[in-house]
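Single-letter residue listing:
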Amino acid sequence: MSTQSLSDTILIIGSDPAGTDVLAGHLTDHGVRVLVAGDGETGIRMAGDARPALILLDTSVPDMDGFAVCRRLKADAATQDIPVIVLIAALEEKAAGFHAGAADYSIKPIQREEVVARVATHLRLQRLTREIREADARLYALIDNLPLEFWALDRSLRYTLQNAASRAHFGDVVGRRIDDLGLRPEVAALWAEQDAKVLQGEVIRGEYERMLEGERRVYKNFIAPVIVDDATVGIAGVALDVTDCARAEEERESALENLQELETIINRSPAVVFLWRAEEGWPAEYVSENVSQLGYAPADFTSGRIPYARIIHPDDRERVAAEVSRHSREGRDEFAQEYRILTASGDVLWIDDRTWIRRGPDGAITHYQGIVLDITERKTAEEALQKARSELERRVIERTAELAKINRMLSILSECNQAVVRATEEPALLQEICRIIVDVGGYPLAWIGFAEEDAARTVRPAASAGFEDGYLETVTITWADTGRGRGPTGTAIRSGRPAIASDVSTDPAFAPWRDEAVRRGYASSIALPLHGDERVFGALNINAAVPDAFHTGEVHLLEELAGDLAFGIRSLREKAERKKTEEALRESEERYRFLVEFLPDAVAVHRDGTVVYVNPAGIRLLGGKSPEDFLGRPAYQFVHPEFLNLVDEQIRRMQQEGTETPLFEQKLRTLNGRSLDVEIAASPILYQGLPSILVVFRDVTERKQAEETLRRHTRELARLHRDLASANREANLYLDILTHDIRNTENVSNLYADLLIDALEGEAVGYVKKLQRSIQKSIDILRTVSTIRRIHRAPSELKPMDLDAVIRGVIDDFPSGTFLYEETHISVLADDLLSVIFTNLIGNAVKFGGPDVTITVRVDEEDGFVRVTVADTGPGVPDEEKEAIFHRYEQQKRGVGEGLGLYLVQILVERYGGEVWVEDRVPGHPEEGAAFRFTLRTAP
């Protein structure tokens, strides 16, 4: 805070002398004069007497409500304009302070630097407001004392400003419209038409007459639009009484008509008389003697040595000739011109040339008779007046625009502060702030973006208002230190300070978004950081339609707006988080209450040895009808005497150490004294805010009876298992003998069948081959049975197996088949029976696919597993049979489920920790072949 003059006096109204003295001393150190009042009434009286620049009001003054003190200060005309900063105890009192009329607030305990900063801000605002008012007063005094009429209207054509000259002629018209002035209808219509044109951007200059106090007066007027930020906000006009000038010209014309009679007088006057021939260069036949005032003699012209055209200024000569020619063609008798001439000494003079045209009998022009009057002084005065008028117009327009900007920014700040106070939800607040900036401030676009904590450090648009037209969807903005993070938004978030692009068309940092911005008419941009407790969490962004739209004063006010918005966002988020926590806590309490009430286990709570809660299950278990049967009774009443000492020791330990009592068995007594076997656990808790013991118990009487029954059944099952194991050994012995003998017999039968095939001919050979196929099928069945016995008898000891070697070994067993297979280098967890899976699947494909069948074997690795596919171009498997083919003894149409083959495949795949299934080789077309798929675990 910079040093203030003694006129910056601050009044502190507070009840804490120590805190007030410290704050007063701190402010005094910064050059501020401080007055202190210890109560509300004294403070009100001192404020009226001293008229301080600012009041710091502690709302906890002893004699009355602090907000009432603020309201009384604002109700008194002598003190109502003094800004008041209220020192409140909690954030919730902020709204009450603003409703009482406070300009700002600070939360106790007071942060001295914060209070000093707020005091500095409001003192600065006071000085700025005072300077603006003084400047306005000087401007209005200047306008009021102008020797011409001045007025201004807003866009609705209502008068907003009028100086003394205008009031003298029209009365006080401020606040009224043209229709309310009582003008003649045709005059009112003309004025309304002119004003409408000016609102469209036209500048009107004209001359008109009006009767004033019975006298005809002539006026020249100038009406122009008032433009602020490229928008017409009203019109302003001036009118100058030129009656005297007009009369002088009329009198001069009258004198020229009598030129010949008054030649002597003319020669003594400043008016020079010429008579020119209507020839090239306008040679003069007569020149009055007073041409000497131009440094020439009459003979210089009448001799023909100097044609009159030669003394006309070269820059005006062509124009003068064109005007003379035009007036002559139009048949006029007289005309007037103003142009420059050169004196004999080379000086430049402005002259007023009044010319009469002489014609001959045939109507042809023979001469021009003119009176030339030096009007250099008048022209100089007119130019000075025009320059002064233009300068005045410029200053009025600039000051009006400046005042409009300041008022607009103050309106934005005021309405946004009210929105922050009223806000209940964050999205609505963000949208309302953007709307106010656009509607009140007249900016084309305002938007708010939040800094995301993702890898790209994205800026996420959260709200916007104005002409956006998809702009925020087409641009990508980040707050990282990259090309798309060095614009105003990213820079403001990273630096924590406002960032401005004064001209988006030339600012190199704005290049990534320039085309989209220019296409929508954005010319400049500002981003203001939104500060959180520990970091900048976003930015308020405003785009303007003109370059260099954000000056120092506006930036300071916008910074204050961004600070208030950030505060509002933080407050709403804290409020939402508290509400969310409270709701979660309430839901949690209700959920746990519901769980406890409907828990099948009994739950009780006792405090200081007295029961304070029991759930419905506990009431039923202990033989009661309602909670009143237990509440208030001693907890030890329900403990079996055998366990009283144990329970007492457990309660003491829980109370001293805060530890839980694990689940154990004990006995309880019901209301009628019946003993009850229970499992029970206990834990110390806070119930209704007081230390208590939670007890959970369940009746285990039936379970204990069931355990005894189970023990008896277990002994019986052990006996049956021993008997079954003995029977299984005998069955395996018989099956080994049977399998060995049948296999030997079938091998011998197969040998004899080979001999019969060689010995027989014709149809008998076919029968023997059928017999041989049946013998082979019996051999395959025995082999499958042996494999299944081996699987069930031997433990599953898996080991790494070379999958490629197993597949190639099985393919080699079918030399007549057509195979598609690509080499793989994967080891899987399996055992020596892995080849049985491929033998069954490939064998079925070869056997039932026909001589033209093609078999494809593919291996795909998938995240710790391999998926193996064995597909063929055979007859396929219908959808309704795809699951049944893996069941035992299922005879399928395709022939692949001849009882045990695919069942064996499924057993082995599941043994290896995988699964097996069948699909159509061509999805939706079973007739195009089958695809058997199974998974295996990869070896580590």
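Residues numbered from 1 in each chain as written. Predicted model: local features only at pLDDT ≥ 70, side-chain atom pairs only at ≥ 80, totals over all residues. Heavy atoms only, no water.

- Labelled according to an unreviewed UniProt entry, the protein appears under the name histidine kinase, originating from Methanoculleus frigidifontis.
- Taken from UniProt, the Catalytic activity (unreviewed entry) comment for the protein reads in full: "ATP + protein L-histidine = ADP + protein N-phospho-L-histidine." (UniProt positions renumbered as here; feature names shortened; annotations may be inferred.)

**Some words on the packing of helix 1 (residues 17–29) against helix 5 (residues 112–144)**
Point 1. Packing of helix 1 against helix 5 leaves a shortest axis separation of 11 Å and a crossing angle of 55°. Classified by the angle their axes make, helix 1 and helix 5 are oblique. Remark: the crossing between helix 1 and helix 5 carries right-handed chirality. Together, V22, L23, H26 and L27 of helix 1 and R112, E113, V115, V116 and V119 of helix 5 make up the contact between the two elements.
Point 2. Across the contact of helix 1 with helix 5, the residue classes tally to 6 nonpolar, 1 polar and 2 charged. (Axes fitted to C-alpha atoms, helices over the stretch in contact; angles between N-to-C directions. Helix = DSSP H or I, 4+ residues; strand = E, 2+ residues; numbered from the N terminus. Parallel < 35°, antiparallel > 145°, perpendicular 65-115°, else oblique. Left-handed = near helix turned anticlockwise from the far one by under 90°. Contact = heavy atoms within 4.5 Å. Nonpolar A, V, L, I, M, F, W, Y, C, P; charged D, E, K, R; others polar.)

**Topic: the sheet that holds strand 29 (residues 854–862)**
Point 1. Taken in spatial order, the 5 strands make up an open sheet running 27-29-30-32-31, and their pairing is mixed. Edge positions in the sheet fall to strand 27 (818–821) and strand 31 (916–922), since each has one partner strand and no second. Averaged over all neighbouring strand pairs, the angle between strand axes comes to 25°, with direction disregarded.
Point 2. Both strand 30 (residues 865–872) and strand 32 (residues 925–937) contribute to a ladder of 7 bridges, which runs antiparallel. If you follow V866 over to strand 32, its bridge partner there is L936.
Point 3. The strands that helix 23 (residues 803–812) touches are strand 27, strand 29, strand 30 and strand 32; relative to strand 27, the one it contacts most, it runs at about 170°. (Pairing = 2+ DSSP bridges.)

**Some points on the nonpolar core**
Point 1. Core analysis: the biggest nonpolar cluster contains 42 residues, and L803, L834, I837, F838, I842, F932 and F934 have the highest contact counts within it.
Point 2. The element best represented in this core is helix 24 (residues 834–849), accounting for 7 residues.
Point 3. Judged by nonpolar contacts, the second largest core, of 39 residues, contains C434, L528, L557 and L565. (Core = buried A, V, L, I, M, F, W, Y, C linked by side-chain atoms within 4.5 Å. Buried < 20%, exposed > 50% of the residue type's maximum accessible area, 1.4 Å probe, protein only.)

**A short note on helix 3 (residues 66–75)**
Point 1. Those residues of helix 3 that fall on the buried side of the exposure criterion are G66, F67, A68, V69, C70 and L73.
Point 2. Tucked into the core, helix 3 has its buried residues touching strand 1 (9–13), helix 2 (40–50), strand 3 (54–58), strand 4 (84–88) and helix 4 (94–99).

**Observations concerning the pattern of salt bridges**
It is possible for side chains of opposite charge to pair when their charged atoms get near one another.
Point 1. Across all of its chains, the model carries 49 salt bridges by this definition.
Point 2. With a shortest N-O distance of 3.1 Å, E114 and R118 are connected by a salt bridge. Of the two residues, E114 and R118 both sit in helix 5, 4 residues apart, roughly one turn of that helix.
Point 3. E114 sits in the partly exposed class, given a relative accessible area of 29%.
Point 4. A salt bridge links D831 to R911; the nearest nitrogen and oxygen atoms lie 3.0 Å apart. Within this pair, whereas D831 is found in the loop between strand 28 (827–830) and helix 24, its partner R911 is found in helix 25 (residues 901–911), the two being separated by 80 residues in sequence.
Point 5. We classify D831 as buried; its relative accessible area is 7%.
Point 6. Look at the salt bridges and you will find they share partners, linking D601, E665, E679, R698 and R703 into a network. (Salt bridge = Lys/Arg side-chain N within 4 Å of Asp/Glu carboxyl O.)

**Notes on unusual backbone geometry**
Point 1. Looking along the chain, the bond that leaves K108 and enters P109 is cis, with omega of 0°.
Point 2. By the secondary structure assignment, P109 is in the loop between strand 5 (104–107) and helix 5.
Point 3. Despite not being glycine, R457 has its phi angle at roughly 50°, a positive value.
Point 4. On the secondary structure map, R457 appears in the loop between strand 16 (445–451) and strand 17 (459–466).

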